[in-house]
Amino acid sequence: MTVVVAIALVAGLFMRFQGSSRNSDHIARIDISGVITDDQPLLDLIKDAAESESAKALVVSISSPGGTTYGGERVHKALVEAAKSKPVVADIHTLAASAGYMIAVSTDHIVAGESSIVGSIGVLFQYAQAGELLDKIGVRLEEIKSSPMKAEPSPFHETSDEAKTMIRSMVLDSYDWFVDLVVAGRKMERADVLALADGSIFTGRQALKNGLIDAVGGEAEIRAYLKSREIDDALDFVDWKPNDKSSDMFFGARMASLMQQFLGMPVSLSSEIDRLSGGKLFLDGLVSVWQVGGQSDGLE
């Protein structure tokens, strides 16, 4: 019990310190990593940082292969809105591909490492075909539907030409929308963006040459840009993080972390499940994601 009380006191002091750091002038930094989905806590965090008078600028650190197109769309819109009140910078780390790059182009300025992976502009719709497997095990699916396009494409039978046409139309419409986001965000000619928007990926050095980013580098380059926007370049970066709701129910996010470190008590398994699954267990609908060793973004 004494150990628990001590940890609670430490956690409380740590959370109080974190809150005070947000109250003084600073540069807010939000991490966007892993597979992008419809993430309301992230959207709330961006909104809070945008409305904070103490946060003089917002930096989003991106390391993502992409994710759902809708998830990228919502974050894109949230950052465009945030940029109306303060400078917003994208700091690309390992990669910002597909929906990850969609998020980057919503900012005022994009900085990436020389070897960062950037681009993969495109949209993908995938579906499995299990008809042959069902035939082998002697299972047949019967269906009665109101119209030929209902519940298409189906994993239980070959996709009709009409269904493929419908899907291709949907994918191309979303692709055009993605291209338009890049045109607007990068202030490029549409023809120039289309020349790059075939799903190709680029290093940070290549991305700089073709206009997909503004600078190669890191914190120094970010500070230099913010100084050009009349933001004090000596301000500290303060990491803004959403609360872990599952842990907050009992201990608070920081308390849960300390409990696990000191006592070895697993408070939440959600992050471990997400890590083991690669974050891809629950991706639905249109996706914009760069897949290493598999099919890249495309319009097949």
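## Side note on the overall build of the chain
Inference 1: Across its full length, the chain holds twelve helices and ten strands.
Inference 2: Burial statistics for the chain: of 300 residues in total, 43% are counted as buried.
Inference 3: By sequence separation, contacts in the chain at least 24 residues apart represent 75% of the contacts at least 6 residues apart.
Inference 4: Accessible area for the chain stands at about 16,600 Å²; split by element, carbon and sulfur atoms hold 55% of it.

## A look at the pattern of salt bridges
Inference 1: Counted according to the given criterion, the structure contains 14 salt bridges.
Inference 2: The residue aspartate 38 makes a salt bridge to arginine 74 at a minimum N-O spacing of 2.6 Å. With aspartate 38 in the loop between strand 1 (26-33) and helix 2 (40-51) and arginine 74 in helix 3 (residues 69-82), this pair connects stretches of sequence that are 36 residues apart.
Inference 3: One network of salt bridges, with partners in common, ties together Glu143, Lys145 and Glu152.

## Here we look at helix 2
Inference 1: An ideal rise of 1.5 Å per residue puts 16 Å on twelve residues; helix 2 measures up with 16 Å between its terminal C-alpha atoms.
Inference 2: Listed in full, the buried residues belonging to helix 2 are Leu42, Leu43, Leu45, Ile46, Ala49 and Ala50. Looking straight down helix 2, one finds that the buried residues subtend no more than 160° of arc, so they occupy a single side.
Inference 3: The opening residue of helix 2, the one whose side-chain oxygen lies 3.2 Å from the backbone nitrogen of leucine 42, is aspartate 39.

## Quick word on a nonpolar patch on the surface
Inference 1: Residues Leu133, Ile137 and Val139 make up a contiguous nonpolar surface patch of roughly 280 Å² in combined accessible area.
Inference 2: With respect to the helices and strands, the residue leucine 133 is situated in helix 5 (residues 131-137).

## Observations concerning the side chain of glutamate 152
Inference 1: Along the chain, the position of glutamate 152 falls in the loop between helix 5 and helix 6 (161-186).
Inference 2: A polar side-chain atom of glutamate 152 sits 2.6 Å from a polar atom in the side chain of lysine 145.
Inference 3: Excluding its chain neighbours within four sequence positions, the residues that come into contact with glutamate 152 are Lys145, His157, Ala163 and Met166.

## A few points about the pairing of strand 4 (residues 88-97)
Where a strand is regular, its side chains alternate between the two sheet faces.
Inference 1: Most of strand 4 sits inside the fold, with eight of its ten residues counted as buried.
Inference 2: Of the pairings in the sheet, the one linking strand 4 to strand 5 (residues 109-112) comprises four bridges and is parallel in character. Along strand 5, the bridge assignment pairs aspartate 91 with valine 111.
Inference 3: Crossover connection from strand 4 via helix 4 (residues 99-104) to parallel strand 5: handedness right-handed.
Inference 4: In the sheet, strand 4 pairs with strand 6 (residues 117-119) via three bridges, with the strands oriented parallel. Looking at the pairing, alanine 97 lines up with glycine 119 of strand 6.

## Focus: the confidence of the model for the chain
Inference 1: Looking at the chain as a whole, the pLDDT averages 81, with 74% of positions reaching at least 70.
Inference 2: Low pLDDT (under 50) marks residues 244-253, which in the prediction has 14 contacts with non-local residues, meaning those over four places away or in another chain.
Inference 3: Long-range and interchain partners of residues 267-283, a stretch whose pLDDT sits below 50, account for 17 contacts in this model, where long-range means more than four residues apart.

## Re unusual backbone geometry
Inference 1: For serine 98, which is not glycine, the phi dihedral falls at a positive 55°.
Inference 2: With respect to the element layout, serine 98 can be found in the loop between strand 4 and helix 4.
Inference 3: By relative accessible area, serine 98 is classed as buried at 0%.
Inference 4: Unusually for a residue other than glycine, glutamate 230 sits at a positive phi of about 65°.

Criteria and thresholds
- Residues numbered from 1 in each chain as written.
- Predicted model: local features only at pLDDT ≥ 70, side-chain atom pairs only at ≥ 80, totals over all residues.
- Heavy atoms only, no water.
- Helix = DSSP H or I, 4+ residues; strand = E, 2+ residues; numbered from the N terminus.
- Buried < 20%, exposed > 50% of the residue type's maximum accessible area, 1.4 Å probe, protein only.
- Contact = heavy atoms within 4.5 Å.
- Areas by Shrake-Rupley, 256 points an atom, 1.4 Å probe, with all protein chains shown as cover.
- Salt bridge = Lys/Arg side-chain N within 4 Å of Asp/Glu carboxyl O.
- Expected span 1.5 Å × (residues − 1).
- Arc of directions from axis to C-beta.
- Polar contact = N/O pair within 3.5 Å; in protein donor to acceptor, adjacent residues only side chain to side chain.
- Patch = residues over 30% accessible without salt bridge, like charges linked within 9 Å, V, L, I, M, F, W, Y side chains within 5 Å.
- Pairing = 2+ DSSP bridges.
- Right-handed = clockwise from strand over helix to strand, strands pointing away.
- pLDDT = per-residue confidence, 0-100.

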